[in-house]
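# A structural walkthrough
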Amino acid sequence: AFREICHSAVHDLHASAEDVIFHPVEAPSLPGILFLESGSLLYTRTLAEQHEEEERVLPGEWCCEQFLWTDWVFQGRLVAESEARLVAIEAKRFQGILHTGRLRVAAYAVEYVNMLNENKDLGLSDLGSCVDTEAVLQCAVSKRKHSVLSFVNGRPRFSDPGSSGS
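What comes next concerns the included structure. Note that the structure is a prediction, hence the values are computed from the model and not measured. (Residues numbered from 1 in each chain as written. Predicted model: local features only at pLDDT ≥ 70, side-chain atom pairs only at ≥ 80, totals over all residues. Heavy atoms only, no water.)

### Digging into the pairing of strand S3 (residues 32–38)
Heads up, the condition is: Pairing between strands is defined by DSSP: at least two bridges between the two strands are required. Only DSSP runs of H or I reaching four residues or more are called helices, and only runs of E reaching two or more are called strands; each is numbered from the N terminus.
Relative to strand S8 (residues 84–90), S3 runs antiparallel, the two being bridged by 6 bridges. Bridge pairing links Ile-33 to Ile-89 in S8. Bridge count between S3 and strand S6 (residues 62–63): 2 bridges; the pairing is antiparallel. By the bridge assignment for S6, Phe-35 is matched with Trp-62.

Here you go:
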């Protein structure tokens, strides 16, 4: 599955200085996760009371992982500060490969969406974080030890074998 992802779902993108990569509430025509390989990007989002927060995205960092696991629209604005090279993984192809492959990522996907839902009052962001990813992985592994993963209407759902409710 990994090889298939690399050969059919990965795309190189290039941006010039001051190129706008995305705007808030925009739904891209080709959604997916973006990894910055070189250059510098500036991410801006508006928080409560119209306060703007800016964060620089540097090589090795990523954004838009949400598109891999759920329906999503951009929460902020991403602009290239310099010439930039990005690597994109197209969400639909990625999901199709995982659906037919042997990679076991459903538990991670469920916990990732749970994390988004639990933290939406803090202000959602398109940016990725190693801390968030580690927390999601720990929770997914912990729950997997105590739960059985089932699918309802094609979507992953955890059911606790010891509970009587759904």
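### Looking at the pairing of strand S4 (residues 41–46)
Side chains on a regular strand alternate between the two faces of the sheet. Quick note on the threshold: Burial classification: accessible surface area is computed with a 1.4 Å probe over protein chains only, and a residue below 20% of its type maximum counts as buried, one above 50% as exposed, and the rest as partly exposed.
Counting buried positions over the 6 residues of S4 gives 5, a clear majority of the element. As paired elements, S4 and strand S5 (residues 52–57) share 6 bridges and run antiparallel to each other. Residue Thr-44 lies in a different strand from S5, and its bridge partner there is Glu-54. From the end of S4 to the start of S5, which pair antiparallel, there are 5 residues, and Glu-49 there has a positive phi angle of about 60°. Both S4 and strand S7 (residues 77–80) contribute to a ladder of 4 bridges, which runs antiparallel. Paired with Tyr-43 across the two strands is Leu-78, which belongs to S7.

### Examining the nonpolar core
Selection criterion: Here the nonpolar core consists of buried residues drawn from Ala, Val, Leu, Ile, Met, Phe, Trp, Tyr and Cys, with membership extended through side-chain atoms lying within 4.5 Å. In this analysis, two residues are considered to be in contact whenever any of their non-hydrogen atoms come within 4.5 Å of each other.
Counting residues in hydrophobic clusters, the biggest one holds 34 residues, and the most contacted among them are Phe-22, Leu-41 and Trp-69. Among the elements that make up this core, the one with the highest residue count is helix H4 (residues 106–119) (5 residues). Beyond its immediate stretch of four places on either side in the chain, Phe-22 contacts Leu-34, Tyr-43, Cys-63, Cys-64, Phe-74, Gly-76, Arg-77, Leu-78 and Asp-126.

In short, shape yes, function no, at least from these values alone.
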